[in-house]
Amino acid sequence: MEPLVDSYGRRIKSMRISVTDKCNFRCTYCMPAEGLPWLKKAEILSYEEIEHIARVAVSIGIEQIRLTGGEPLVRRDVPELVRLLRSIEGLHSLSVTTNGILLKHQARALAEAGLTRINVSLDSLLREKFAKVTRRDQLEHVLAGLEELEHHPSIHPIKINAVAMRGFSEEEVLDFAKLSRNKAYSVRWIEFMPLDADQAWRKEDILTGAEIKQIIETEYGPLVPIISKDPAETARRYTFTDGRGEVGFINPVSEPFCASCDRIRLTADGQLRTCLFATEETDLRAILRSDANDEALANTIRQAVWHKELKHYIGDKRFKRANRSMSMIGG
Ligand code: SAM
């Protein structure tokens with residue numbers, strides 16, 4: 001079988017699937033306080049439709065799937081979707097990205113359904129700051145969700161993703177470093193990207209991975225790089241000199257990794273996006289809901305992948321904002 005490749009020779013292996021555009025947070029860098037006009041139920045792919053697209057995508061070369069949103073766990077019975085996807089032959093990795101608020105009650109069902117990897121987004125360990133950035137005073141629920149995960153060791157690794165924002169994150173860099181050393185969490189800092197629905201992003205708000213690394217190294221000494229086996233890995237990962245703890249830096253703005261990008265995205269309404277910053281989408285839902293067969297679906301995915309964007313152009317005159325916010329695309 002021909003590999004799934006784009007016209008620049010990148011092999012595409014990973015698909016992020018948004019299961020809903022709704023979210024129970026209103027993070028200032030993502031969604032407006034009043035929310036967004038939500039998709040109608042009929043527009044959203046059913047679990048069977050998601051499984052169908054996933055199965056065809058895996059049959060032509062996708063190996064990893066990550067469920068995201070919006071907040072994926074607000075959609076009813078996500079463990080059922082996990083169970084459906086787990087049974088796809090050829091799928092090597094299935095994970096979920098969540099804000100963690102519903103994990104206390106869902107971690108067990110997710111583990112039992114066969115989920116083995118998870119990313120929890122957490123931008124502050126301080127109650128007031130957490131409430132400010134998410135516009136929800138619910139830090140304790142996220143921490144309870146993380147604690148619950150510790151009872152389900154089959155879900156491993158547990159990655160904590162924090163968006164790095166200048167004037168907001170610096171004072172907590174060492175606390176997050178400590179968290180990664182005291183718990184079995186891999187903490188990853190991600191640079192703030194121009195994907196906020198409010199369009200408030202300014203270049204000056206970016207706190208780069210290099211700056212955060214410097215703060216950590218001032219306290220702990222030089223970090224030790226962890227060599228990744230996966231060339232498409234987005235994070236540059238490090239451990240500490242004593243080997244305890246792990247921090248990673250996802251630097252899409254200061255050190256773009258488009259050249260090794262192996263990702264595509266499926267929105268909750270069935271649109272295939274070949275770049276986070278794509279301005280065009282391919283309507284897989286229309287194909288699925290027509291009487292076209294799997295071969296037609298597979299060919300459409302191949303065609304879309306072939307035309308995958310070269311890079312995102314953030315910081316360049318050619319940069320164009322994406323036509324949807326991160327919550328609509330599926331981060
Ligand atoms: N609700 C889930 C969560 O919180 O992880 C999944 C969806 S959320 C859109 C996925 C990730 O995108 C989160 O880690 C979030 O912090 C990140 N994100 C959203 N907007 C962003 C932006 N403008 N820049 C960088 N990361 C962003």
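Report follows, based on the coordinates. If you're wondering where the values come from, they're calculated on a predicted model, not measured in any experiment.

1. Quick look at the sheet that holds strand E6 (residues 185–191)
Turning to step 1, where the next piece is worked out: Pairing in this open sheet of twelve strands is mixed, and the strands run E7-E8-E9-E6-E5-E4-E3-E2-E1-E10-E11-E12 from one edge to the other. The open sheet terminates on both sides in strands that have one partner only, identified here as strand E7 (224–225) and strand E12 (282–283).
Turning to step 2, where the next piece is worked out: Relative to strand E1 (residues 14–18), helix H1 (residues 47–59) is tilted by about 175°, and along the sheet it contacts E1, strand E2 (64–68) and strand E10 (263–266).

2. Some thoughts on unusual backbone geometry
Turning to step 1, where the next piece is worked out: Cis geometry is found at the peptide bond from His 156 to Pro 157, where omega equals 5°.
Turning to step 2, where the next piece is worked out: Relative to the elements of secondary structure, Pro 157 occurs in the loop between helix H5 (139–149) and strand E5 (158–164).
Turning to step 3, where the next piece is worked out: One non-glycine residue, Asp 77, lies in positive phi territory at about 55°.
Turning to step 4, where the next piece is worked out: Given a relative accessible area of 44%, Asp 77 falls into the partly exposed group.
Turning to step 5, where the next piece is worked out: Although it is not a glycine, Gln 199 sits at a positive phi angle of roughly 55°.
Turning to step 6, where the next piece is worked out: With respect to the helices and strands, Gln 199 occurs in the loop between E6 and helix H7 (209–220).

3. Quick look at the site of the ligand
Turning to step 1, where the next piece is worked out: Of all residues adjacent to the ligand, which total 17 residues, the nearest are Tyr 29, Gly 70, Glu 71, Ser 121 and Met 193.
Turning to step 2, where the next piece is worked out: One nitrogen or oxygen atom from the main chain of Gly 70 is found 2.9 Å from a nitrogen atom belonging to the ligand.
Turning to step 3, where the next piece is worked out: Between an oxygen atom of the ligand and a main-chain N or O atom of Thr 98, the distance comes to 3.5 Å.
Turning to step 4, where the next piece is worked out: About the coverage of the ligand: the protein hides 94% of its 550 Å² of free accessible area.
Turning to step 5, where the next piece is worked out: Of the residues contributing to the shell around the ligand, the split by class is seven nonpolar, eight polar and two charged.

Rules and cut-offs
- Residues numbered from 1 in each chain as written.
- Predicted model: local features only at pLDDT ≥ 70, side-chain atom pairs only at ≥ 80, totals over all residues.
- Heavy atoms only, no water.
- Pairing = 2+ DSSP bridges.
- Helix = DSSP H or I, 4+ residues; strand = E, 2+ residues; numbered from the N terminus.
- Contact = heavy atoms within 4.5 Å.
- Axes fitted to C-alpha atoms, helices over the stretch in contact; angles between N-to-C directions.
- Buried < 20%, exposed > 50% of the residue type's maximum accessible area, 1.4 Å probe, protein only.
- Near = heavy atom within 4 Å.
- Polar contact = N/O pair within 3.5 Å; in protein donor to acceptor, adjacent residues only side chain to side chain.
- Areas by Shrake-Rupley, 256 points an atom, 1.4 Å probe, with all protein chains shown as cover.
- Nonpolar A, V, L, I, M, F, W, Y, C, P; charged D, E, K, R; others polar.

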